[in-house]
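Here is what each chain is made of, one letter per residue.
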Amino acid sequence: MIALVLLYVGAVLALNGLWLLGHIQDREIGIINLFSGGIILVAAIISMVLGTMRDDFTAIVFGAQILLFSFTYLWIAYNRYVDVDGRGLGWYSLFVALTAAPTAALTLADADGATWMTWLGVNWAAWAVLWFLYWVLLGLQRPITRIAGVVTLLVGIGTGWLPAYLLLTDYLTLPA
């Protein structure tokens, strides 16, 4: 399920980056956020239900973590169609950044040299930075749209689309 989630995280982040850079219209970007948020929501629910049935805490944690992404994208979609300034999403982004930062640190500390876990820890660090930028942009209303757009695009490609593509084409495999 991680490849599916990463594919849509990559797609939505890359497109959101292009949107922030002015290459996609406000109302048009809502559909990829709604679709990606919905797909990730379904994946999270499935993971948490199966994790509960199998007494698999890791699956429950995975579901809880990807809900952070799902809700972000659903909120972005919502904001594209209502008249709001985005501050609520900005403050939610600070909450997520403050959750993602220690997740990155703990994942890296537990990686014990394992390539996948190290990569995942670095991803959580990149996502923490990204959500922090959204807090600055939206919550604090600072003019960093261009920086946020470039970072969003690069993080989308590097942490989502590329690894998902490599997983889906069997050029990268997850540890058992």
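Residues numbered from 1 in each chain as written. Predicted model: local features only at pLDDT ≥ 70, side-chain atom pairs only at ≥ 80, totals over all residues. Heavy atoms only, no water.

> Got a sec to walk through the overall build of the protein chain? Specific residues and values, please.
What the protein chain contains, in helices and strands, is six helices and zero strands. Listed by position from the N terminus, the elements making up the protein chain come as α-α-α-α-α-α. Radius of gyration (C-alpha) of the protein chain: 16 Å, near the 16 Å computed for a compact globule of 176 residues. Its C-alpha atoms give the protein chain principal-axis dimensions of about 45 × 30 × 30 Å. Burial statistics for the protein chain: of 176 residues in total, 44% are counted as buried. In the protein chain, of all internal contacts separated by at least 6 residues, the share reaching a separation of at least 24 is 69%. On the protein chain, roughly 9,300 Å² of surface is accessible, and the fraction owed to carbon and sulfur atoms is 69%. For the protein chain, the distance from the average site of its 6 positive side-chain charges to the average site of its 9 negative ones is 14 Å. (Helix = DSSP H or I, 4+ residues; strand = E, 2+ residues; numbered from the N terminus. Rg over C-alpha atoms; globule rule 2.2 N^0.38 Å. Buried < 20%, exposed > 50% of the residue type's maximum accessible area, 1.4 Å probe, protein only. Contact = heavy atoms within 4.5 Å. Areas by Shrake-Rupley, 256 points an atom, 1.4 Å probe, with all protein chains shown as cover. Lys, Arg positive; Asp, Glu negative; His and termini not counted. Charge placed at Lys NZ, Arg CZ, Asp CG, Glu CD.)

> Residues and numbers for the side chain of Asn16, please.
Position of Asn16 among the secondary structure elements: in helix α1 (residues 2-20). For Asn16, a relative accessible area of 3% translates into the label buried. When residues no more than four places from it in sequence are discounted, the contact partners of Asn16 are Ile29, Asn33, Tyr73, Ile76 and Thr152.

> Describe helix α3 (residues 57-81), with residues and values.
Residues that lie three or four places apart on an α-helix share one face, since the helix turns once every 3.6 residues. Counted at 1.5 Å a residue, the expected span for α3 with its 25 residues is 36 Å, and the 37 Å between its end C-alpha atoms agrees. Capping the start of α3 is the job of one residue whose side-chain oxygen sits 3.2 Å from the backbone nitrogen of Thr58: Asp56. (Expected span 1.5 Å × (residues − 1). Polar contact = N/O pair within 3.5 Å; in protein donor to acceptor, adjacent residues only side chain to side chain.)

> Could you give an account of empty space enclosed by the protein, naming the residues involved and the relevant values?
Per the stated rule, a full pass over the model turns up one cavity of 30 Å³ or more. Volume-wise, the largest cavity comes out at about 50 Å³. Residue composition of the lining of the largest cavity, by class: eight nonpolar, two polar and no charged. (1 Å grid on protein atoms, 1.4 Å probe; cavity = no way out; pocket = protein on both sides within 12 Å on 5 of 7 lines; lining within 4 Å. Points joined across faces, edges and corners; volume = space filled by probe spheres on them. Nonpolar A, V, L, I, M, F, W, Y, C, P; charged D, E, K, R; others polar.)

> Describe a nonpolar patch on the surface, naming the residues involved and giving the relevant values.
The grouping of Met1, Leu4, Val42 and Ile46 at the surface amounts to a nonpolar patch, some 330 Å² of accessible area in total. Relative to the helices and strands, Met1 resides in the segment before α1. (Patch = residues over 30% accessible without salt bridge, like charges linked within 9 Å, V, L, I, M, F, W, Y side chains within 5 Å. Salt bridge = Lys/Arg side-chain N within 4 Å of Asp/Glu carboxyl O.)

> Would you mind going over unusual backbone geometry in detail, with residue names and values included?
Positioned with a positive phi, Asp55 is a non-glycine residue whose angle comes to about 55°. On the secondary structure map, Asp55 appears in the loop between α2 (26-53) and α3. Positive phi, close to 60°, is recorded for Gln141, a residue that is not glycine. Relative to the elements of secondary structure, Gln141 occurs in the loop between α5 (115-139) and α6 (145-168).

> Kindly report on the packing of aromatic side chains, identifying the contributing residues and their values.
For the structure on display, the rule yields 14 aromatic pairs. Seen in terms of ring centroids, Phe69 and Trp124 are 5.9 Å apart; in terms of plane orientation they differ by 55°. Their pairing is tilted. With a gap of 55 residues between them, Phe69 in helix α3 and Trp124 in helix α5 connect regions that are remote in the sequence. Residue Phe69 is classed as buried on the basis of its relative accessible area, which comes to 4%. Of the residues examined, Trp124 reaches a relative accessible area of 4% and is grouped as buried. Judged by centre distance (5.5 Å) and plane angle (75°), the ring pair of Trp91 and Trp135 falls under edge-to-face. (Phe/Tyr/Trp six-rings, centres within 6.5 Å; stacked < 30°, edge-to-face > 60°.)

> I'd love a proper account of the packing of α1 against α6, names of residues and values included.
For the pair α1 and α6, interaxial distance at closest approach is 7 Å and the crossing angle is 155°. In this view, α1 runs roughly antiparallel relative to α6, as classed from their interaxial angle. Considering how the two elements wind past one another, α1 and α6 form a crossing that is left-handed. The class makeup of the residues in the contact of α1 with α6 is 16 nonpolar, nine polar and no charged. (Axes fitted to C-alpha atoms, helices over the stretch in contact; angles between N-to-C directions. Parallel < 35°, antiparallel > 145°, perpendicular 65-115°, else oblique. Left-handed = near helix turned anticlockwise from the far one by under 90°.)

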